[in-house]
Amino acid sequence: RSLFFAANLRPGTNSLFTYFALFVSRIANEDWAVRLCWLFALIGMPLGALAFERSLREERGTNDERNLSLAVPLACVLAYNYFLYRGLFNYVLGVPLAMGCLAAVVASGHPSANRWRAGAYTAIALVSAVLAALAHPAAILFLLVAIPAACVTALRRRGIAGALICLLLVWFAFSTWIPSERPPPAEFVNPAIALSQFVRAIGITYSWVEALPAGAILLLCGLGVVHSLRTGGSESNNYSTRFPLWLACALVIVYFFIPFSYGGAAGLNERIPIFAVLLVLPYTSVSAPRRAWVPVLFVPFAVYTLVQNVRVDARANQVRH
């Protein structure tokens, strides 16, 4: 009896990479699907952070040249995260798509945006929301929380755009939900293990040596949160420019109450840290005299990543032969 594999092409979450791999297999070797997905994930993370940082900057209506935002540089390091190295491609594609969608929703409500520009941002948000929903359910849940938070004190057109996208995401979630015949068991972890998993999700791939850059990202994010909340009281649009901080803090708290596994799905709480960090990255900065050192700090990280990749590939070839 012969066995064969047939892809389930019914639209649903965790299916974006399948569609992409099937498309690539028509014109090239299947390995190119993985390579291109890596490329898109590594580029998409800083692009999503850049779009979100720009949308918040325009919301503030200021462009402070004294400080350089670290959103993009830190997102470049964050792109080499735990999930990318595990091959969870749908999740790593869903994260930048969700951030791009949120950025477009915020941009659609800028007072300086005319009707056509707001419509273009809404269209971009809708497309990004559909792709994010196809990628991973974590992106759906994140957007269903983040978009209403962004529309609390916003203009009516941002509220309309947010409502349309939320309705689309709710319909998508319920149309692809598969009910269980029995209540699935839930597994929780103690706070100490949950804390280590939080750091691991940020950037632990080959070894715990990478806790150093992961810890540096978390430290800079913490300093950015404290500085922004301490100096933001004088702005008239305080909530609209700082809702990501409150949302990130809420996500971190909720993280410790989400089960690690529920039924057949594992690592549920681990999907939260990257979203929380990306929300805070726009508030990290470095002074102008120190901005020249930012590219230099990437050198040890790049060398370490290259050496570890060569070592792992050599070990894989030994096992294969």
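Residues numbered from 1 in each chain as written. Predicted model: local features only at pLDDT ≥ 70, side-chain atom pairs only at ≥ 80, totals over all residues. Heavy atoms only, no water.

This part covers the sheet that holds strand E4 (residues 265-266). Pairing within the open sheet is antiparallel, and its 3 strands lie in the order E2-E3-E4. The open sheet is flanked by strand E2 (186-187) and E4, the only strands paired with a single partner. Both strand E3 (residues 261-262) and E4 contribute to a ladder of 2 bridges, which runs antiparallel. Note on E4: the bridge partner recorded for Ser261 is Ala266. (Pairing = 2+ DSSP bridges. Helix = DSSP H or I, 4+ residues; strand = E, 2+ residues; numbered from the N terminus.)

Before going further, it helps to spend a moment on the packing of helix H2 (residues 31-60) against helix H11 (residues 238-255). The contact between H2 and H11 brings their axes to 8 Å, and the two run at 150°. The orientation of H2 relative to H11 falls into the category roughly antiparallel. On H11, the residues touching Phe52, Leu56, Glu59 and Arg60 of H2 are Ser240, Thr241, Phe243 and Pro244. Split into classes, the residues belonging to the contact of H2 with H11 amount to 4 nonpolar, 2 polar and 2 charged. (Axes fitted to C-alpha atoms, helices over the stretch in contact; angles between N-to-C directions. Parallel < 35°, antiparallel > 145°, perpendicular 65-115°, else oblique. Contact = heavy atoms within 4.5 Å. Nonpolar A, V, L, I, M, F, W, Y, C, P; charged D, E, K, R; others polar.)

For the structure shown, the criterion picks out 3 salt bridges. Between Glu53 and Arg57 there is a salt bridge, with its nearest N and O atoms 2.8 Å apart. Taken as a pair, Glu53 and Arg57 lie in helix H2 at a separation of 4 residues, close to a single helical turn. Take Glu53: its relative accessible area is 6%, and that puts it in the buried class. One salt bridge in this structure joins Arg117 and Glu58, with 3.1 Å as the shortest N-O distance. Linking Arg117 in helix H6 (residues 115-135) with Glu58 in helix H2, this pair joins segments that are 59 residues apart in sequence. The class for Arg117 is partly exposed, based on a relative accessible area of 32%. (Salt bridge = Lys/Arg side-chain N within 4 Å of Asp/Glu carboxyl O. Buried < 20%, exposed > 50% of the residue type's maximum accessible area, 1.4 Å probe, protein only.)

Here the focus is the packing of aromatic side chains. Aromatic ring pairs are defined here through the distance separating the ring centres and the angle between the ring planes. As enumerated under the stated definition, the model contains 11 aromatic pairs in all. Judged by centre distance (5.3 Å) and plane angle (75°), the rings of Trp38 and Tyr85 are edge-to-face. Of the two residues, Trp38 is situated in helix H2 and Tyr85 in helix H4 (residues 82-86); the sequence distance between them amounts to 47 residues. Accessibility expressed as a relative area gives 23% for Trp38, which makes it partly exposed. Tyr85 sits in the partly exposed class, given a relative accessible area of 22%. Between Phe142 and Phe275, the aromatic rings sit 4.3 Å apart at their centres with planes inclined by 15°, giving stacked as the arrangement. Here Phe142, found in helix H7 (residues 137-150), pairs with Phe275, found in helix H12 (residues 272-280); they are 133 residues apart in sequence, far enough to count as distant. Through a chain of ring-to-ring contacts, three or more aromatic side chains come together here, namely Tyr82, Phe83, Tyr91, Phe142 and Phe275. Looking at Arg115, its charged tip hangs above the ring of Trp116, at a distance of 5.6 Å from the centre. When the ring centre of Tyr91 is taken as reference, the NZ or CZ atom of Arg271 above it lies at 5.4 Å. (Phe/Tyr/Trp six-rings, centres within 6.5 Å; stacked < 30°, edge-to-face > 60°. Lys NZ or Arg CZ within 6 Å of the ring centre and 35° of its normal.)

Counting buried residues along H12, 9 of its 9 residues qualify, which places the element largely inside the surrounding structure. Turning to H12, its buried residues are Ile272, Pro273, Ile274, Phe275, Ala276, Val277, Leu278, Leu279 and Val280.

Turning next to H11. The periodicity of an α-helix, 3.6 residues per turn, causes residues three or four places apart in sequence to face the same way. Taking 1.5 Å per residue as the helical rise, H11 with its 18 residues ought to reach 26 Å, and the 26 Å between its terminal C-alpha atoms agrees with that figure. The largest bend in H11 comes to about 35°, at Pro244. Three or more residues of H11 are buried, namely Ser240, Thr241, Arg242, Phe243, Pro244, Leu245, Leu247, Ala248, Leu251 and Tyr255. Elements in contact with the buried residues of H11: H2, helix H5 (89-108), H7, helix H9 (191-203), helix H10 (211-231) and H12. (Expected span 1.5 Å × (residues − 1). Bend = angle between axes of the 7 residues up to and from the residue.)

Below, the discussion takes up the environment of Arg57. Given the relative accessible area of 24%, Arg57 is considered partly exposed. The spatial distance from the C-alpha of Arg57 to the C-alpha of Pro282 is 8.6 Å, given a sequence separation of 225 residues. Only 2.8 Å separates the side chain of Arg57 from the side chain of Glu53, close enough to count as a polar contact. (Polar contact = N/O pair within 3.5 Å; in protein donor to acceptor, adjacent residues only side chain to side chain.)

On to the confidence of the model for the chain, then. Low pLDDT marks regions whose predicted coordinates should not be analysed in detail. This prediction gives the chain a mean pLDDT of 84; 88% of its residues lie at or above 70. Of all secondary-structure elements in the chain, the lowest mean pLDDT belongs to strand E1 (residues 67-69), at 75, while H12 reaches the highest, 96. (pLDDT = per-residue confidence, 0-100.)

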